[in-house]
Amino acid sequence: MRTYSVGYFVGSLSSTSINRQLSKALIRLAPAGLEFTELPIGNLPLYSPDFDDDYPPEARALKDAIAASDAVLFVSPEYNRSIPGALKNAIDWASRPWGQNSFHHVPAAVIGASPGQIGTAVGQQSLRAVLSFCNARQMTAPEAYIMYRPGLVTDDGEVTDDTTAEFLSAFMQEFRDHIERVLTVLPRS
């Protein structure tokens, strides 16, 4: 079985991010054949087209890390019913300059956790719209809006609720299958 490298974004910059905890759980529950590397977004300057001819090192490193990944996973909260600013900024850097979009044909999945009843459903719709424009090959099902409560995920990524753990395991298995399907048709060179 082939091993795929997955670059993952944590959309929150918070040191106590529940989505960072969720990312640990996803890695722990992932099937064999997936290796994970976090794609850091916290040190990126604000994107401006003024940089298109001379990308700063942080932005170049982001584009290089995405290029080294077979797929990307977005684990993100919802801020004001949309995408966190730091995550949108990272997507803007990675998709520019024009003609050098790092997400073109890349298999992608979106998931997020929130204490609210609808999880991150509205924020994910905003993120999916942006990823569609970037031509990422999104996994559209299962959708995953995790209603987070204290203790659901331990600090080391163990999910304490069996039903949630089963759902997240199935999500990650589907993501692995999605990666394989996309890369069979659209291999990354």
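Owing to the predicted nature of the structure, the values given are computational and were not obtained by experimental measurement.

Enquirer: Help me out: how do you make sense of unusual backbone geometry in this one?
Expert: Along the chain, Arg 96 connects to Pro 97 via a cis peptide bond; the corresponding omega equals -10 degrees. Backbone torsion omega between Ala 141 and Pro 142 reads 0 degrees, so that peptide bond is classified as cis. Looking at the element boundaries, Pro 142 is found in the loop between strand S5 (137-138) and strand S6 (145-147). You will see that His 105, though not glycine, has its phi angle at about 65 degrees, which is positive. Tracing the sequence through the fold places His 105 in the loop between helix H3 (85-94) and strand S4 (107-114). The phi dihedral of Asn 135 falls on the positive side, at around 65 degrees, and the residue is not glycine. Following the sequence through the fold, Asn 135 ends up in the loop between helix H4 (121-133) and S5. You can call Asn 135 partly exposed: its relative accessible area is 21%.

Enquirer: Which parts of the structure should I look at to understand the packing of aromatic side chains?
Expert: One pair of aromatic rings is described through two measures. These are the centre distance and the angle between the planes. Evaluated as defined, the whole model comprises seven aromatic pairs. Consider the rings of Tyr 47 and Trp 93, whose centres lie 5.1 Å apart with planes at 90 degrees: the pair is edge-to-face. With Tyr 47 in the loop between strand S2 (34-38) and helix H2 (57-67) and Trp 93 in helix H3, the pair connects residues that are 46 residues apart, well separated along the chain. Note on accessibility: Tyr 47 and Trp 93 belong to one class, buried. A centroid spacing of 6.1 Å and a plane angle of 50 degrees characterise the contact between Phe 74 and Phe 103, whose relative ring orientation is tilted. With a gap of 29 residues between them, Phe 74 in strand S3 (residues 71-75) and Phe 103 in the loop between H3 and S4 connect regions that are remote in the sequence. Here the two residues Phe 74 and Phe 103 agree in accessibility, since each one is buried. Through successive ring pairs, a cluster of aromatic residues spans Tyr 47, Phe 51, Tyr 55 and Trp 93.

Enquirer: Would you mind going over H4 with me for this structure?
Expert: Owing to its 3.6 residues per turn, the α-helix brings residues three or four apart onto one side. Helix length check: H4, at 13 residues, gives a terminal C-alpha distance of 19 Å against a target of 18 Å (1.5 Å per residue), a fit within 8%. Inspection of H4 places Ala 121, Gly 123, Gln 124, Leu 127, Arg 128, Val 130 and Leu 131 among the buried residues, and these make up the whole buried set. Looking at the buried positions of H4, the neighbouring elements they touch are S3, H3, S4, S5 and S6. Immediately beyond the C-terminal end of H4, within one or two residues, lies Asn 135, with a positive phi of roughly 65 degrees.

Enquirer: Explanation requested: the side chain of Ser 23 in the structure shown.
Expert: Turning to its location among the elements, Ser 23 is positioned in helix H1 (residues 18-29). Overall, the relative accessible area of 3% leaves Ser 23 in the buried class. Sequence-distant contacts of Ser 23, that is, excluding residues within four places in its chain, are made with Tyr 8, Val 10 and Val 75.

Enquirer: I keep staring at the pairing of S4 and nothing clicks. Help me out?
Expert: The buried count for S4 comes to eight of eight residues, which makes it a mostly enclosed element. Of the two faces of S4, the one carrying Pro 107, Ala 109, Ile 111 and Ala 113 and the one carrying Ala 108, Val 110, Gly 112 and Ser 114 are both buried. Relative to S4, S3 runs parallel, the two being bridged by four bridges. Across the sheet, residue Val 72 finds its bridge partner in S4, namely Ala 108. One crossover worth recording links S3 to the parallel S4 by way of H3, and it is right-handed.

Enquirer: Help me out: how do you make sense of the packing of H1 against helix H5 (residues 162-185) in this one?
Expert: Each pair of packed helices can be described by the angle between their axes along with the distance between the axes. Between H1 and H5, the shortest axis-to-axis distance is 9 Å and the interhelical angle comes to 70 degrees. The angle between H1 and H5 falls in the class roughly perpendicular. Judged by the sense of rotation from one axis to the other, the crossing of H1 with H5 is right-handed. Residues Leu 22, Leu 26 and Leu 29 of H1 lie in contact with H5, whose contacting residues are Ala 165, Leu 168, Ser 169, Phe 171 and Met 172. Taken together, the residues of the contact of H1 with H5 break down into seven nonpolar, one polar and no charged.

Cut-offs used in this document
Residues numbered from 1 in each chain as written. Predicted model: local features only at pLDDT ≥ 70, side-chain atom pairs only at ≥ 80, totals over all residues. Heavy atoms only, no water. Helix = DSSP H or I, 4+ residues; strand = E, 2+ residues; numbered from the N terminus. Buried < 20%, exposed > 50% of the residue type's maximum accessible area, 1.4 Å probe, protein only. Phe/Tyr/Trp six-rings, centres within 6.5 Å; stacked < 30°, edge-to-face > 60°. Expected span 1.5 Å × (residues − 1). Contact = heavy atoms within 4.5 Å. Pairing = 2+ DSSP bridges. Right-handed = clockwise from strand over helix to strand, strands pointing away. Axes fitted to C-alpha atoms, helices over the stretch in contact; angles between N-to-C directions. Parallel < 35°, antiparallel > 145°, perpendicular 65-115°, else oblique. Left-handed = near helix turned anticlockwise from the far one by under 90°. Nonpolar A, V, L, I, M, F, W, Y, C, P; charged D, E, K, R; others polar.

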